[in-house]
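What follows is the residue order along each chain.
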Amino acid sequence: MPMTEYNVLEEELSRPSVFKDESKLSIDFLPSKLLYRELELRFLARHLLGLLNLETPKSSNLLVVGGVGIGKTSLAKTFGKMLMESSRKRNIPVKYVHINCRTNNTPYLIFQTIARELSQHVPARGYSTEEIVGVIGDLLRLQQLRLFLVLDEFDFVALRGGTEIIYPLTRIHDANRSGTISTPVSLLLIARSPAFLERMDQSTASSLGHSVLRMRKDSQAQLVDIIQQRVDLAFKDGVVDKEAIRLAADIASELGDARHAIELIWYAGKYADEEQSPYVFPDHVRQAKSSIHPVVRRETIYGLGLHKLVLLLGIVRQLKHSKLAYIKTSDAIQEYKMACEEFMLAPRKHTQLWQYLKELAIFDLIQVKPSGKGYRGKTTFISLPDVSTRQLENELLSLI
Ligand SMILES: Nc1ncnc2c1ncn2[C@@H]1O[C@H](COP(=O)(O)OP(=O)(O)O)[C@@H](O)[C@H]1O
Ligand SMILES: [Mg+2]
């Protein structure tokens, strides 16, 4: 076959790029060494080492709190790796289960996921919540396993009143303790804020409340090193200008947010490629900055269900039309209903919408404040962090 004269695919394939391996910039990528987190790792080690006691293993519970992108998940996963390494060395059977509560957002789903991690023979349905906790206990006893359970993004179950799942988990050890068998369950909860502790039953809350690790923010200098670590893995040698790294660290240091720092340099690389620039310069970081807002991140929006997207769209539109900084919830809901009509969706009920609003607030996608003086009754006001409404509207429309 004669060659097509002008093969755009070939042209794209041979287009030069500043990257050598973009996957190293993905948020799920765990670097082999976490920088500047020795203190935090040591804190986890001291609290959780009872799990590896040969004779009398101990359960312990811990809560890690900190903002988005600060490194909570990476910290837990790095510790999980250390724990598995040490348990293997000592021939102690430990199972590490890491559950994201944003996707597994009901007690049943969480228990179900734990059970299925312990045995692939657990059927996908058919058990009640109490039964499945019993199954978990049995599986641990039969395999004489110790469990290290991480419930990541716990805010999402806590928000739905799911905090009662903790108590049965902490009971498994006592129920299984007999003779030589002991199956401790150590729990590491990760959340953005410890606020849910106040809504929990006293004894569980206080057992957790005593061991809270608040993650320290990374400084500008630390963020420079965190970016450099990823740049070395993801970019070709010497293509990223030192000043570009400094600038990205500067911008991200306001929130101490490692994820934002990495995202900035990633997008900067994309802009460099787009311009066919062989180097990444500070100006590319500036372009990246204006295209990503640290709060309104693409992957956060991607994770939202359809109706939450439409509700957010309603809020964005109402803010845009009214030109106000804060809008009334009722107006936002009105706009949501119109959008539902536009997309031929049956609108959700008010109670459900309130739940959605709470979730959007937890994601920091919206800010919510109760009405101050001068308003009759209870009105809640909504605002958006400083992000362009037009940009967000376009993003939402492309997703819906
Ligand atoms: N101390 C660190 N050293 C190296 N990379 C880090 C560090 N802290 C965070 N990161 C990176 O920053 C990104 C965000 O971290 P993550 O653990 O997902 O944050 P969180 O769970 O708090 O939202 C990840 O890509 C992670 O690898
Ligand atoms: Mg996380």
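Definitions and cut-offs
- Residues numbered from 1 in each chain as written.
- Chains lettered and ligands numbered in written order.
- Predicted model: local features only at pLDDT ≥ 70, side-chain atom pairs only at ≥ 80, totals over all residues.
- Heavy atoms only, no water.
- Helix = DSSP H or I, 4+ residues; strand = E, 2+ residues; numbered from the N terminus.
- Buried < 20%, exposed > 50% of the residue type's maximum accessible area, 1.4 Å probe, protein only.
- Contact = heavy atoms within 4.5 Å.
- Areas by Shrake-Rupley, 256 points an atom, 1.4 Å probe, with all protein chains shown as cover.
- Lys, Arg positive; Asp, Glu negative; His and termini not counted.
- Charge placed at Lys NZ, Arg CZ, Asp CG, Glu CD.
- Core = buried A, V, L, I, M, F, W, Y, C linked by side-chain atoms within 4.5 Å.
- Near = heavy atom within 4 Å.
- Nonpolar A, V, L, I, M, F, W, Y, C, P; charged D, E, K, R; others polar.
- Domains from an automatic or database assignment.
- Polar contact = N/O pair within 3.5 Å; in protein donor to acceptor, adjacent residues only side chain to side chain.
- Pairing = 2+ DSSP bridges.
- Axes fitted to C-alpha atoms, helices over the stretch in contact; angles between N-to-C directions.
- Phe/Tyr/Trp six-rings, centres within 6.5 Å; stacked < 30°, edge-to-face > 60°.

Asker: Quick rundown of the overall build of the protein? Include the residues and the values.
Answerer: Counting its secondary structure elements, the protein contains 17 helices and eight strands. The 400 residues of the protein split such that 47% are buried. Partitioning the intrachain contacts of the protein with sequence separation of at least 6 by distance along the chain shows that 72% fall at a separation of at least 24. Of the roughly 21000 Å² that the protein leaves accessible, carbon and sulfur atoms contribute 52%. The centroid of the 52 positive side-chain charges in the protein is displaced by 7 Å from the centroid of its 46 negative side-chain charges.

Asker: Now, about unusual backbone geometry: what can you tell me, with residues and values included?
Answerer: Not every positive phi belongs to a glycine, and Asn91 is a case in point at roughly 60°. Counting through the fold element by element, Asn91 comes out in the loop between helix 3 (72-89) and strand 2 (94-100). In this structure Asn91 comes out as exposed when scored by relative accessible area, which is 69%. The backbone of Gln276 shows a phi angle near 55°, a positive value even though the residue is not glycine. Relative to the helices and strands, Gln276 resides in the loop between helix 11 (258-274) and helix 12 (282-291).

Asker: So, the nonpolar core: which residues are in play, and what are the values?
Answerer: By size, the foremost hydrophobic cluster in this structure holds 37 residues, and its most contacted members are Ile114, Leu149, Leu151, Phe154, Leu189 and Phe196. For this core, the element with the highest residue contribution is helix 5 (residues 129-142), accounting for six residues. Leu151 has contacts with Ile99, Cys101, Ile110, Ile165, Leu187, Leu188, Leu189 and Ile190, leaving out every residue within four places of it along the chain. The next biggest cluster of nonpolar side chains, apart from the first, holds 30 residues, and it includes Phe19, Ile265, Ala288 and Ile292.

Asker: Could you give an account of the environment of Ile190, naming the residues involved and the relevant values?
Answerer: Structurally, the position occupied by Ile190 is in strand 4 (residues 185-191). You can call Ile190 buried: its relative accessible area is 1%. In this structure, the C-alpha to C-alpha distance between Ile190 and Val310, residues 120 residues apart in sequence, is 28 Å. Non-local contacts of Ile190, meaning those with residues more than four positions away in its chain, are made with Val64, Lys72, Thr73, Ala76, Val150, Leu151, Asp152, Glu153, Phe154 and Asp155.

Asker: So what about the site of ligand 1? Which residues, and what values?
Answerer: Surveying the vicinity of ligand 1 reveals 20 residues, the closest of which are Leu35, Gly69, Thr73, Ser74 and Arg259. Considering ligand 1 on its own, with 560 Å² of exposed area, one finds that the protein chains cover 97% of that surface. Among the elements of the structure, helix 3, helix 9 (220-234) and helix 11 are those that each provide at least two residues to the shell around ligand 1. Looking at the shell around ligand 1 residue by residue, the class counts come to ten nonpolar, six polar and four charged. When residues are assigned to domains, the shell around ligand 1 turns out to be shared by domain 1 (38-214) and domain 2 (218-291), each giving three or more.

Asker: Break down the domain arrangement of the protein for me, citing the residues and quoting the values.
Answerer: By domain assignment, the protein separates into domain 1 (38-214), domain 2 (218-291) and domain 3 (298-399). Relative placement of domain 1 and domain 2: their C-alpha centres are 35 Å apart.

Asker: Tell me about the side chain of Asn176, residues and numbers included.
Answerer: Tracing the sequence through the fold places Asn176 in helix 7 (residues 166-176). You can call Asn176 buried: its relative accessible area is 3%. A distance of 2.9 Å separates the side chain of Asn176 from the backbone oxygen of Gly137, its partner in a polar contact. Once residues lying within four places of it in the same chain are set aside, the contact partners of Asn176 are Gly137, Leu140, Arg141, Ile181 and Thr183.

Asker: Give me the lowdown on the sheet that holds strand 4, citing residues and values where you can.
Answerer: With respect to topology, five strands assemble into an open sheet ordered 2-3-4-1-5, the strand pairing being parallel. One side of each edge strand has no neighbouring strand; the edge strands of this open sheet are strand 2 and strand 5 (212-214). For this sheet the average axis-to-axis angle between neighbouring strands, irrespective of direction, equals 15°. Inspection of the sheet shows strand 2 paired to strand 3 (residues 146-152) by seven bridges, in the parallel sense. Looking at the pairing, Lys95 lines up with Leu147 of strand 3. Contacting strand 1 (61-65), strand 3, strand 4 and strand 5, helix 2 (residues 38-48) crosses the sheet at an angle of about 160° to strand 1.

Asker: Give a detailed account of the packing of aromatic side chains, specifying residues and quantitative values.
Answerer: Enumeration according to the criterion identifies six aromatic pairs in this entry. Aromatic pair Phe79 and Phe148: ring centres 5.6 Å apart, planes at 75°, arrangement edge-to-face. Here Phe79, found in helix 3, pairs with Phe148, found in strand 3; they are 69 residues apart in sequence, far enough to count as distant. Ring centres of Phe154 and Phe196 lie 5.1 Å apart, and the angle between their planes is 65°; on these two criteria the pair is classed as edge-to-face. Of the two residues, Phe154 is situated in the loop between strand 3 and helix 6 (155-158) and Phe196 in the loop between strand 4 and helix 8 (202-209); the sequence distance between them amounts to 42 residues. Each member of the pair, Phe154 as well as Phe196, is classed as buried. An aromatic cluster is present here, built from Phe79, Tyr96 and Phe148 joined pairwise through their rings.

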